[in-house]
Amino acid sequence: MKQFKIEENDANQRLDKFLKKLFPRATRGLLFKFNRKDKIKVKFDWSEWKFKKRDNEYKLQVWDEIKIHLSDNDFEELSKIEEEIEKIDKEDSFNKNDIVFEDADLFIINKEPGINVHPGDHKTKETNVIAIVQDYLWDKLNSLTFKPSLIHRIDRDTSGILMIGKKKDILMKLVNDLKDHKKVKKTYYAIVLGKLPKKKWTLKDKLLRIENAKNENKVQVSDKWLTAISHYKLIKEHIMQTKEGVLILSEVEIEIETGRMHQIRVHMAHMWNPIIWDKAYWDKKLNSFFERNYWLKRQALHAWKIDFFHYGRDKVMKLEARIKEDLKDFIEKIKNK
């Protein structure tokens, strides 16, 4: 027999859904059978000391207590996760220097480039951000059925701010705020090819996402699809003298009003100022040139700043993730050319 107290992250869900998360290997029929045979009991009324059988539709509340009358072997077998969180090697463990902000509600990091945020992105067995974060936070968790989860995503080869919810209610509120587009301000840093047509401008090209794209880019400019709005501002311009001729590169700050897939990458490429080393939306020969001469091996895009309302603290937060060393080093190298 095991006994649990319901914490905030496990509250406000039906008893049957809680049990299904707790016992992922159990069928719904088996869980209903457990309840029917009084193997699941809940203490929900603090005026009484008794545990009682509750309907499967009963919505759990904070501080409810649950008794589960199963053998240790049955409990262990039914609670095994089919796809267990991968074991994290020491070299893949979380770097505390990448923590931008942490409290009881949120875990906000400065993501490294070259790593997927979620295992489903590319369907590989390589490590991913959410697995590393869950491994790092494992001893701090107080939930039986909820694990720290992504509030939003950024591309594999983009570095910078990534928000992870440690509490379910905060997670859902911020996910909705991001969908609203007006409640969260996201600003990126990028290095783009060429001289910008204006020092400040707003791009409003509509974007079309092509599902199952093979020999074409996944996202394209199209008047028939979704509005996307990006505001850019020139930070600094660099003129390089190379064997092939003169190259102009521009450091740019880009604020997005909408959050379409590859929005910044497509917008900048469409105005003939593609992001340096973007594998999909610019010249592969120049990719090779910058990798060979400057050791740059990923798109020069960084999720730099974010402003959002923190519901747990009842105030607006303004956070910034330092620009990664590979981009800083690249800029220092081209300054000397």
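Keep in mind that what you see is a predicted model, and the values were worked out from it rather than measured.

How should I be thinking about the overall build of the protein chain in this particular structure?
For the protein chain, the helix and strand inventory stands at eight helices and 15 strands. For the protein chain, the spread of C-alpha atoms along the three principal axes comes to 80 × 40 × 40 Å. A separation of at least 24 residues holds for 67% of the contacts in the protein chain among residues at least 6 apart in sequence. Of the roughly 19,200 Å² that the protein chain leaves accessible, carbon and sulfur atoms contribute 48%.

Please clarify how the nonpolar core should be interpreted in this entry.
In summary, soluble globular proteins display a tendency toward joint burial of nonpolar side chains. Membership of the largest hydrophobic core comes to 50 residues, with the highest contact counts inside it found for Ile-191, Leu-249, Ile-276, Phe-290 and Phe-330. Here this core gets six residues from one element, more than from any other, and that element is strand S8 (residues 185-193). Leave out the neighbours within four places in its chain, and Ile-276 touches Ile-191, Val-192, Leu-193, Leu-249, Trp-282, Phe-290, Leu-296, Arg-298, Gln-299, Ala-300 and Phe-330. Judged by nonpolar contacts, the second largest core, of 20 residues, contains Ile-6, Leu-19, Ala-26 and Ile-68.

Where do I start with helix H6 (residues 263-270) in this structure?
Along an α-helix, a turn takes 3.6 residues, which lines up residues three or four apart on a common side. The buried fraction of H6 amounts to seven of the eight residues, a majority that puts the element mostly inside the structure. When H6 is considered as a whole, its buried residues turn out to be Gln-263, Ile-264, Arg-265, Val-266, His-267, Met-268 and Ala-269. Positive backbone phi, approximately 65°, marks Trp-272, located one or two places after H6.

Explain the environment of Ala-190 to me, please; I cannot follow it from the model alone.
If you trace the backbone, Ala-190 turns up in strand S8. Along the sequence, Ala-190 and Gly-259 sit 69 residues apart, while their C-alpha atoms lie 16 Å from each other. With near-sequence residues (within four places) excluded, Ala-190 lies in contact with Ser-250, Glu-251, Val-252, Ile-254, Ile-275, Ala-300 and Leu-301.

In this structure, what is going on with the sheet that holds strand S2 (residues 40-43)? I would like to understand it.
Taking strand neighbours across the sheet as the criterion, the three strands line up as S1-S3-S2 in an open arrangement whose pairing is antiparallel. Single-partner strands in this sheet number two, and they are strand S1 (2-5) and S2. Put simply, the sheet's adjacent strands are angled 20° from each other on average, direction ignored. With four bridges connecting them, S1 and strand S3 (residues 65-68) associate as antiparallel partners. Residue Gln-3 lies in a different strand from S3, and its bridge partner there is Lys-67.

Teacher, can you tell me more about unusual backbone geometry here?
For residues other than glycine, phi is negative in most cases, and the peptide bonds are mostly trans. The phi dihedral of Asn-12 is positive, around 60°, even though this residue is not glycine. You can call Asn-12 exposed: its relative accessible area is 52%. With a phi angle near 60°, Trp-295 is a residue other than glycine that sits in the positive phi range. Along the chain, Trp-295 falls in the loop between helix H7 (284-294) and strand S14 (301-310).

Please explain a positive patch on the surface as it appears in this structure.
Residues Lys-33, Arg-36, Lys-37, Lys-39 and Lys-53 make up a contiguous surface patch of positive charge. Within the secondary structure, Lys-53 sits in the loop between S2 and S3.

Can you help me understand the side chain of His-302 in this one?
Mapped onto the secondary structure, His-302 falls in strand S14. Discounting chain neighbours no more than four positions away, the residues touching His-302 are Asn-110, Thr-158, Ser-159, Gly-160, Thr-187, Tyr-188, Tyr-189, Ala-321, Arg-322, Ile-323, Lys-324 and Leu-327.

What is the right way to read the environment of Ala-269 from this model?
Locating Ala-269 in the fold gives a position in helix H6. Taking the C-alpha atoms as reference points, Ala-269 and Tyr-281, separated by twelve residues in sequence, lie 6.2 Å from one another. The residues touching Ala-269, leaving out its near neighbours within four places in the chain, are Pro-274 and Tyr-281.

Can you walk me through the packing of aromatic side chains in this structure?
The description of an aromatic ring pair rests on the distance of the ring centres and on the angle between the ring planes. Under the defined criterion, the tally for this structure stands at 13 aromatic pairs. Ring geometry for Trp-282 and Phe-290: centres 6.2 Å apart, planes at 25°, overall stacked. Neither Trp-282 nor Phe-290 differs from the other in exposure class; each is buried. Ring centres of Phe-290 and Tyr-294 lie 5.8 Å apart, and the angle between their planes is 40°; this geometry places the pair in the tilted category. Here the residue Phe-290 and the residue Tyr-294 both occupy positions in helix H7, the gap between them amounting to four residues, near one helical turn. Exposure remark for Tyr-294: the relative accessible area of 6% places this residue in the buried category. The rings of Trp-282, Phe-289, Phe-290, Tyr-294 and Phe-330 are connected pair by pair, giving a single aromatic cluster. Positioned over the ring face of Phe-75 is Lys-2, at 5.2 Å from the centre of the ring.

Thresholds, definitions, all that
- Counting starts from 1 at the beginning of each chain's written sequence and moves along it residue by residue.
- In view of the model being predicted, local features appear only for residues whose pLDDT reaches at least 70, and side-chain atom pairs are presented and counted only at 80 or more, with totals across whole chains, interfaces and linings using the full set of residues.
- Note that water and hydrogens are dropped before the side-chain values are worked out from all heavy atoms of the structure.
- A run of H or I in DSSP becomes a helix once it reaches four residues, and a run of E becomes a strand once it reaches two; helices and strands are each numbered from the N terminus.
- Pairs of residues are marked as contacts when any of their non-hydrogen atoms sit within 4.5 Å.
- Note on areas: Shrake-Rupley with a 1.4 Å probe; residue coverage comes only from the protein chains shown.
- Joining through side-chain atoms within 4.5 Å is the link that ties buried Ala, Val, Leu, Ile, Met, Phe, Trp, Tyr and Cys residues into a set, and such a set is a nonpolar core.
- Only protein chains enter the accessibility calculation, which uses a 1.4 Å probe; a residue whose area is less than 20% of its type maximum is buried, one above 50% is exposed, and one in between is partly exposed.
- By the convention used here, strands pair only if DSSP detects at least 2 bridges between them.
- Angular values range over 0 to 180 degrees, each being the angle between N-to-C directions of two axes fitted as lines to C-alpha atoms, with helices fitted over their stretch in contact.
- The residues that make up patches have over 30% relative accessible area and no salt bridge, and they are joined within 9 Å when like-charged or within 5 Å when they are Val, Leu, Ile, Met, Phe, Trp or Tyr.
- By salt bridge we mean one thing: a side-chain nitrogen of Lys or Arg within 4 Å of a carboxyl oxygen of Asp or Glu.
- All tallies of charge rest on Lys and Arg as positive and Asp and Glu as negative; His and the ends of each chain are not included.
- Where a charge sits is defined by one atom per residue type, namely NZ (Lys), CZ (Arg), CG (Asp) or CD (Glu).
- Put simply, two rings from Phe, Tyr or Trp (the six-membered ring, in Trp's case) pair if the centres are within 6.5 Å, and we call them stacked under 30 degrees between planes, edge-to-face over 60, tilted for the rest.
- Note on criteria: charge over ring means Lys NZ or Arg CZ within 6 Å of the ring centre, with the direction from the centre no more than 35 degrees off the ring normal.

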